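# Analysis of the macromolecular model
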Amino acid sequence: MSHSHDRTISVEALARVEGEGAMHVEVADGRVEQVQLRIYEPPRFFEAMLRGRTYLEPPDITARICGICPVAYQLSAINAIESLCGVGTPDGTPMPDGIRQLRRLLYCGEWIESHVLHIFLLHAPDFLGYQGAIEMAADHRDLVEMALRLRKAGNQVLEVIGGRAIHPINVRVGGFHRAPTRAELQEMVPELQWGREAAIAATRLVAGFEFPELDQGHTFASLRPEQDSLPPGATGYPIEDGRLVTTTGLDVPIAAWPEHFHEDHVEHSTALHGRMTDGGTYLVGPAARFNLNADRLPSEIADLAAEVGCAEAVTNPFRSIVVRAIETVYAFDEALRLIDAYERPESPAVEVRPVAGTGHGATEAPRGILYHRYSLDEEGLITDAVIVPPTSQNQPAIEEDLLDFVQAHLHLDDDALQWQCEQAIRNYDPCISCSTHFLDLTVRRR
Amino acid sequence: MTGGIGRPTVAVWKFASCDGCQLSLLSAEDELLTIAGEIEIAYFLEATREVKEGPYDISLVEGSITTPDDAERIRQVRDISTTLITIGACATAGGIQALRNFGDVEAFRSLVYARPEYVDTLADSTAIAEHVPVDLELRGCPIETSQLVEVINAILAGRKPVTPTHSVCVECKLRGNLCVAVAHGTPCLGPVTQAGCNARCPAFDRGCYGCFGPAESPNTPSLAAWLEEELALEHPDLVRLFRSFNADAPAFRRESRRHEPEEVAT
């Protein structure tokens, strides 16, 4: 441990993130010179493995990129393929309301499962001063039991609709293999009603945590559904589709992605780094969605957000845990609305015939925009695939945050600084295995 | 057990994988706090930053070996573990990333990464048992939480865990599912795939796609011939059917190779 002006801090394996990552900080003469977020998740080459597979296979194959958000991968892949093949497009085969409702409902289940995992089991221990949720359970058993019950409610949605919570089996290009009955969905209502109320209480609880100051003025990017595409009763907070919007004024269809965003490959990471075409960094995720779509929350949830200090845009990443809790309330609320509106489709899927060309698709994974692009030949075989997960888009901005955060906290000893840095990284709920292509902290003070 | 009369120490390790199998432990919502009271979670980075030094009584290993560093790390894990249990298709068969074993990893690396020289990787993705002795394996992509709970219970009780090695077909019969292959003409790997999922897919009107890998003594040539004759599957369809999450499990690997065109077969 050192308080000298020159030092190096290394976190060799970052805990409570999904996947493997490390962080390296270089300090010289009391100035932070460099922060590197190292992703050492072994590369798995999904984009290469997809070549030669059929247009029907990406939902099952890309689900395996991430065990925490498989539905995000399944539905981004489906959006890309269906848009290319003329399904659910303005002049293409219409997509029945029942299938759309089931997809959004399934996704609500994943938001609940993933957000609750992160808020209570991965992130809350930082704020309450515990090494992890199991240690936290010794003093806060009621809290951990509530979190486990909330997760179970989300996993139940995934199981009833998806057939399995991790890597759902029932999702296919065109719809589902089997559509659940209204009665099967209705059975979940009492637990979802409990979950909605418990999530509201949980939001007030996490809003009471102490948040270090940090505001970097980042650009935020999210999806935003078109107003006239919304079904009656829906407020249209972005989940499973929408146009691409940013806080710098961009508003384009998903197919325009390659013109506005790209990925760089840097030596210290097997996750590629996402940047805007002008070279700027940007953030995706709950804060981005909230800042660009707060007007799309039902009034009761917007009132809750204002009550817990989120009346304005949320720019301090440490407060992202509060937004994640608000979104959890929304996911329960929206699930209840969707179940009420659900009409079982006549057929669980529409037929999708392959079309040669390139299709783009994106959805709001729990961690932010997940973009997929596929090129197909006439037979429907994949000739090219590109997958841009949320964590690789956030990584450059996280490094910028850390640079300033470490500079402001250099007075801390190495152990304390390490924990604070880990906490700053966990603000973004980084999913390292999702970075298809994550921590370990080293600080070198010279 | 290490440490004498104390609770057994458990470590959870990750290699190349999606985290889904270790997440299955956190997803045992009803049992998690009870289990946590019976065992000592000594190393589980996804759940806690608290790290207790080994050796460990039980190591749960997720993921496959794909880098030179990981090939060394798994030997160290074996050295400090009394019982080593592999969990999931990546650890037991190389996982979906073993599709590289059928292609050219150099081409894969250049395709995905602009600067391939930054990425250190082995030519093949391999199961843990190809590197170190494994005491017990749990199949599945992902594993079933109930099977993981059964294994932990069995170890705590000092008995052998009950995990089936028969096929998904048996589960379908027990569950009363209609046979999707015979009744609907849906291609199904159920006759050759190990049970454990309670025949989830046929219960959703879908054919089994092989998450649990080959069952004991699978007659894959017979199933492939039936799929060709009765459902008119062509060789490329059969290659893709057998070549997914358990592509490099020996029985599935042999069967997919049999249907490859001569010129690309190796």
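Since the model is a prediction, treat every value here as computed from it, not as a measurement.

### Some remarks on the overall build of chain B
Counting secondary structure elements, chain B contains twelve helices and five strands. For 266 residues, the compact-globule formula gives about 18 Å, and the C-alpha radius of gyration of chain B, at 20 Å, lands near that figure. For chain B, the spread of C-alpha atoms along the three principal axes comes to 60 × 50 × 25 Å. Here the analysis covers contacts within chain B between residues at least 6 apart in sequence; of these, 71% occur between residues at least 24 apart.

### Some remarks on the interface of chain B and chain A
If you look at the interface, chain B gives 58 residues, while chain A gives 70 residues. Roughly 5500 Å² is buried in total at the junction of chain B and chain A, and carbon and sulfur atoms are behind 63% of that figure. One can count two salt bridges joining chain B with chain A. For aspartate 30 of chain B, the salt bridge identified is with lysine 152 of chain A, shortest N-O distance 2.6 Å. Joining chain B to chain A, the criterion identifies 15 residue pairs in polar contact (both at pLDDT 80 or more). Where the side of chain B that touches chain A is concerned, the elements lending two or more residues are α1 (20-26), α2 (32-38), α5 (105-112) and α9 (200-203) of chain B. With five residues, α5 of chain B is the largest single contributor of residues to the side of chain B that touches chain A. Of the residues that constitute the side of chain B that touches chain A, the class distribution is 30 nonpolar, ten polar and 18 charged.

### As for unusual backbone geometry
Between glycine 54 of chain B and the following residue, proline 55 of chain B, the backbone shows a cis peptide bond with an omega angle of 5°. Locating proline 55 of chain B in the fold gives a position in the loop between β2 (40-44) and β3 (56-62). In this structure, proline 142 of chain B follows cysteine 141 of chain B across a cis peptide bond, with omega equal to 10°. Relative to the elements of secondary structure, proline 142 of chain B occurs in the loop between β5 (136-138) and α6 (145-157). The phi dihedral of phenylalanine 45 of chain A falls on the positive side, at around 60°, and the residue is not glycine.

### Re the nonpolar core
Generally speaking, soluble globular proteins have nonpolar side chains that are buried together. Of all hydrophobic cores here, the largest spans 170 residues; its most connected members are Met23, Phe120, Leu185, Tyr374 and Leu402 of chain A together with Leu60 of chain B. Here this core takes 16 residues from helix α4 (residues 97-128) of chain A, the largest share from any one element. Not counting residues up to four positions away in its chain, the partners in contact with leucine 185 of chain A are Leu102, Leu105, Val160, Ile161, Pro180, Ile339 and Tyr342 of chain A. Counting residues in hydrophobic clusters, the runner-up holds 18 residues, among them Val168, Ala181, Cys208 and Phe252 of chain B.

### Details of empty space enclosed by the protein
For the largest cavity, the calculated volume is near 180 Å³. Taken together, 18 residues line the largest cavity, and the ones lying closest to its centre are Leu283, Val284, Ala287, Ser320 and Tyr428 of chain A. Secondary structure elements with two or more residues in the lining of the largest cavity: α10 (286-293) and α12 (320-341) of chain A. With three residues, α10 of chain A is the largest single contributor of residues to the lining of the largest cavity. In this model, the second largest cavity occupies a volume close to 120 Å³. Along the wall of the second largest cavity there are 18 residues; nearest its centre are His167 of chain A together with Cys18, Cys21, Cys90 and Cys141 of chain B. Among the residues forming the lining of the second largest cavity, the class breakdown is eight nonpolar, six polar and four charged.

### Thoughts on the sheet that holds β5 of chain B
Strands in a sheet are paired, the pairing made by backbone hydrogen bonds, and the direction either parallel or antiparallel. All names here are of chain B. With respect to topology, five strands assemble into an open sheet ordered β2-β1-β3-β4-β5, the strand pairing being parallel. This sheet does not close on itself; its edge strands, each paired only once, are β2 and β5. Ignoring strand direction, the axes of neighbouring strands in this sheet form an average angle of 25°. The pairing of strand β1 (residues 9-14) with β2 spans four bridges and is classified as parallel. In the sheet register, alanine 11 faces β2, and the bridge partner there is tyrosine 43. Lying on the sheet, helix α3 (residues 68-79) is in contact with β1, β3 and β4 (81-87); it crosses β4 at an angle near 130°.

### Let's talk about the domain arrangement of chain A
Splitting chain A by domain gives domain 1 (7-42 + 398-445) and domain 2 (46-393). The straight-line distance from the C-alpha centre of domain 1 of chain A to that of domain 2 of chain A is 26 Å.

### Points about the domain arrangement of chain B
Residues and elements named next belong to chain B. Domain assignment breaks chain B into domain 1 (9-157) and domain 2 (168-265). Computed over C-alpha atoms, the centres of domain 1 and domain 2 are 25 Å apart. Each partner contributes residues to the interface: domain 1 has 15 residues there, and domain 2 has 19 residues. Each partner contributes to the roughly 1400 Å² buried at the junction of domain 1 and domain 2, and carbon and sulfur atoms together form 54% of this total.

### With respect to the pattern of salt bridges
Within this structure, the stated rule accounts for 37 salt bridges over all chains. With its nearest N and O atoms 2.6 Å apart, the salt bridge here joins arginine 426 of chain A to aspartate 126 of chain A. With a gap of 300 residues between them, arginine 426 of chain A in helix α14 (residues 414-426) and aspartate 126 of chain A in helix α4 connect regions that are remote in the sequence. Of the residues examined, arginine 426 of chain A reaches a relative accessible area of 0% and is grouped as buried. One salt bridge in this structure joins lysine 52 of chain B and glutamate 40 of chain B, with 3.8 Å as the shortest N-O distance. Within this pair, whereas lysine 52 of chain B is found in the loop between β2 and β3, its partner glutamate 40 of chain B is found in strand β2, the two being separated by twelve residues in sequence.

### A closer look at the packing of helix α10 (residues 220-231) of chain B against helix α12 (residues 250-258) of chain B
Residue and element names in this part refer to chain B. At a minimum axis distance of 10 Å, the contact between α10 and α12 shows a crossing angle of 40°. With respect to their mutual orientation, α10 and α12 come out oblique. Viewed along their axes, α10 and α12 form a crossing whose handedness is right-handed. Packed against α10, whose contacting residues are Thr220, Pro221 and Ala224, the element α12 presents Ala251, Phe252, Glu255 and Arg258 at the interface. Taken together, the residues that form the contact of α10 with α12 break down as four nonpolar, one polar and two charged.

### Considerations on α12 of chain B
Note: α-helices contain 3.6 residues per turn, so residues at a spacing of three or four share the same orientation. Residue and element names in this part refer to chain B. Every buried residue of α12 is listed here: Ala251, Phe252, Glu255 and Ser256. Relative to the axis of α12, the buried residues are bounded by an arc of 125° and lie together on one face. Along its buried surface, α12 packs onto α10 and α11 (235-242).

Calculation notes
- Residues numbered from 1 in each chain as written.
- Chains lettered and ligands numbered in written order.
- Predicted model: local features only at pLDDT ≥ 70, side-chain atom pairs only at ≥ 80, totals over all residues.
- Heavy atoms only, no water.
- Helix = DSSP H or I, 4+ residues; strand = E, 2+ residues; numbered from the N terminus.
- Rg over C-alpha atoms; globule rule 2.2 N^0.38 Å.
- Contact = heavy atoms within 4.5 Å.
- Buried area = accessible area lost by both parts, 1.4 Å probe.
- Salt bridge = Lys/Arg side-chain N within 4 Å of Asp/Glu carboxyl O.
- Polar contact = N/O pair within 3.5 Å; in protein donor to acceptor, adjacent residues only side chain to side chain.
- Nonpolar A, V, L, I, M, F, W, Y, C, P; charged D, E, K, R; others polar.
- Core = buried A, V, L, I, M, F, W, Y, C linked by side-chain atoms within 4.5 Å.
- Buried < 20%, exposed > 50% of the residue type's maximum accessible area, 1.4 Å probe, protein only.
- 1 Å grid on protein atoms, 1.4 Å probe; cavity = no way out; pocket = protein on both sides within 12 Å on 5 of 7 lines; lining within 4 Å.
- Points joined across faces, edges and corners; volume = space filled by probe spheres on them.
- Pairing = 2+ DSSP bridges.
- Axes fitted to C-alpha atoms, helices over the stretch in contact; angles between N-to-C directions.
- Domains from an automatic or database assignment.
- Parallel < 35°, antiparallel > 145°, perpendicular 65-115°, else oblique.
- Left-handed = near helix turned anticlockwise from the far one by under 90°.
- Arc of directions from axis to C-beta.

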